[in-house]
Amino acid sequence: MIDGRTQLYGVMGNPVRHSLSPIIHNGAFKRLGLNAVYLAFEVQDLKEAVRGIRGLGLCGVSVTMPFKTAVIPYLDRLDPTAEKIQSVNTITNRQGLLTGYSTDGRGAVEALEGKIPLQGKRVFLLGAGGAARAMAFSLKERGCAIALFNRSADKGLALAKELGIEFVALPSPSLGGWKAEVIINATSVGMHPHEDQSPIAQEDLQPGVTVMDIVYRPLRTRLLKEAENQGCQTIDGLEMLAQQGAAQFEIWTGLRPEIEPIKKDLRQILIAR
Ligand code: ATR
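Conventions and cut-offs
- Residues numbered from 1 in each chain as written.
- Predicted model: local features only at pLDDT ≥ 70, side-chain atom pairs only at ≥ 80, totals over all residues.
- Heavy atoms only, no water.
- Near = heavy atom within 4 Å.
- Polar contact = N/O pair within 3.5 Å; in protein donor to acceptor, adjacent residues only side chain to side chain.
- Areas by Shrake-Rupley, 256 points an atom, 1.4 Å probe, with all protein chains shown as cover.
- Nonpolar A, V, L, I, M, F, W, Y, C, P; charged D, E, K, R; others polar.
- Pairing = 2+ DSSP bridges.
- Helix = DSSP H or I, 4+ residues; strand = E, 2+ residues; numbered from the N terminus.
- Contact = heavy atoms within 4.5 Å.
- Axes fitted to C-alpha atoms, helices over the stretch in contact; angles between N-to-C directions.
- Right-handed = clockwise from strand over helix to strand, strands pointing away.

A. A look at the site of the ligand. The immediate surroundings of the ligand are formed by G127, A128, G129, G130, A131, N150, R151, S152, K155, T187, S188 and V189. The contact in question runs from an oxygen atom of the ligand to an N or O atom on the backbone of A128, over 3.0 Å. Between the ligand and the protein, one listed contact pairs an oxygen atom with a side-chain N or O atom of R151 at 2.8 Å. Across the complex, the protein chains shield 65% of the 640 Å² of accessible surface that the ligand would expose by itself. Split into classes, the residues belonging to the shell around the ligand amount to three nonpolar, seven polar and two charged.

Below you can see the structure in the form of structure tokens.
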């Protein structure tokens with residue numbers, strides 16, 4: 001029951017009405033019996049919104065598009081990962097001290113580690129936006145060898161250089177003697193309403209490779225369907241979404257929520273939409 005002691009959490013974004021974060025966190029609060037609610041805030045004035053976190057004593061806030069980098073100047077501290085990638089998707093409020101974290105890379109890595117050990121794996125990463133950037137740092141920390149492709153070569157090259165990883169000019173996960181063991185789509189290619197698109201040709205998907213897509217609308221993207229046809233192991237976008245949310249929840253509460261009910265709730269919502 002919501003009462004005088006209920007703790008408030010939320011997500012700041014714009015647009016934000018379609019955010020799935022309230023589903024993740026309210027479900028987990030309920031299952032763990034915590035007196036807390038999580039709402040979506042469509043923010044116009046970011047600076048004022050951050051003042052509101054302190055002023056009203058919100059316990060924790062998620063940050064989404066387009067504020068993940070813009071929010072940084074208004075925070076008191078960044079954890080080392082958020083500092084490195086210059087992106088924040090999670091804020092904690094400890095007695096008015098606001099600290100920024102990013103769980104995007106951790107979410108991706110944990111989604112993969114649910115299926116395969118990552119240490120030393122050869123990863124072909126598509127994209128150079130915020131999601132790809134967070135993933136690339138986390139994958140590198142896990143000791144993966146990464147080859148990166150991006151449609152805009154200048155952006156891809158800049159990220160590859162920053163990380164000391166290889167940039168490749170074609171979306172091909174097999175280059176010379178180098179064969180990817182993991183392929184990750186961190187672009188929006190294949191997302192509704194462009195379900196007919198895939199970032200990689202089907203014949204380039206070799207049997208036994210693990211293919212992960214961050215796109216979750218639709219859940220079974222063309223990339224994942226073709227990967228299955230080729231005998232690849234697949235991981236859909238819902239997996240990473242659930243994992244990055246669970247990591248946020250753990251940062252705020254110190255409790256690790258069960259992942260399966262989160263995925264079940266998300267799947268239900270996505271199928272209904
Ligand atoms: P996010 O924060 O979700 O990563 P983003 O920063 O806008 O979003 O990045 C989107 C990524 O998808 C980029 O790598 C983008 O490639 P460009 O840098 O060339 O723009 C990629 N992307 C989006 N639409 C694409 C398309 N139709 N074909 C290829 N890549 C695409």
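Now that the structure has been shown, the text picks up again.
B. Here's a closer look at the sheet that holds strand 8 (residues 145-149). Ordered by their spatial adjacency, six strands build an open sheet running 9-8-7-12-13-14, and the pairing between neighbours is parallel. With partners counted over all chains shown, the strands left at the sheet margins are strand 9 (166-167) and strand 14 (233-235), one partner each. Relative to strand 8, strand 7 (residues 122-126) runs parallel, the two being bridged by five bridges. Bridged to R122 within strand 8 is A145. In the packing of helix 7 (residues 222-229) onto the sheet, contacts are made with strand 12 (182-185), strand 13 (210-213) and strand 14, and the angle to strand 13 comes to roughly 165 degrees.

C. Region of interest: the sheet that holds strand 3 (residues 60-63). Across the sheet, six strands lie side by side as 2-1-3-5-6-4; this open sheet has mixed pairing. Only two strands of the sheet have a single neighbouring strand rather than two, namely strand 2 (36-42) and strand 4 (77-78). Relative to strand 3, strand 1 (residues 7-13) runs parallel, the two being bridged by four bridges. Of the residues in strand 3, the one forming a bridge with Y9 is G60. Sitting on the sheet, helix 1 (residues 21-31) touches strand 1, strand 2 and strand 3, and the angle it makes with strand 2 is about 170 degrees.

D. Up close: the pairing of strand 2. With seven bridges joining them, strand 1 and strand 2 adopt parallel strand pairing. When the bridges of strand 2 are listed, V11 appears paired with A40. As a crossover connection, the stretch from strand 1 through helix 1 into strand 2 is right-handed.

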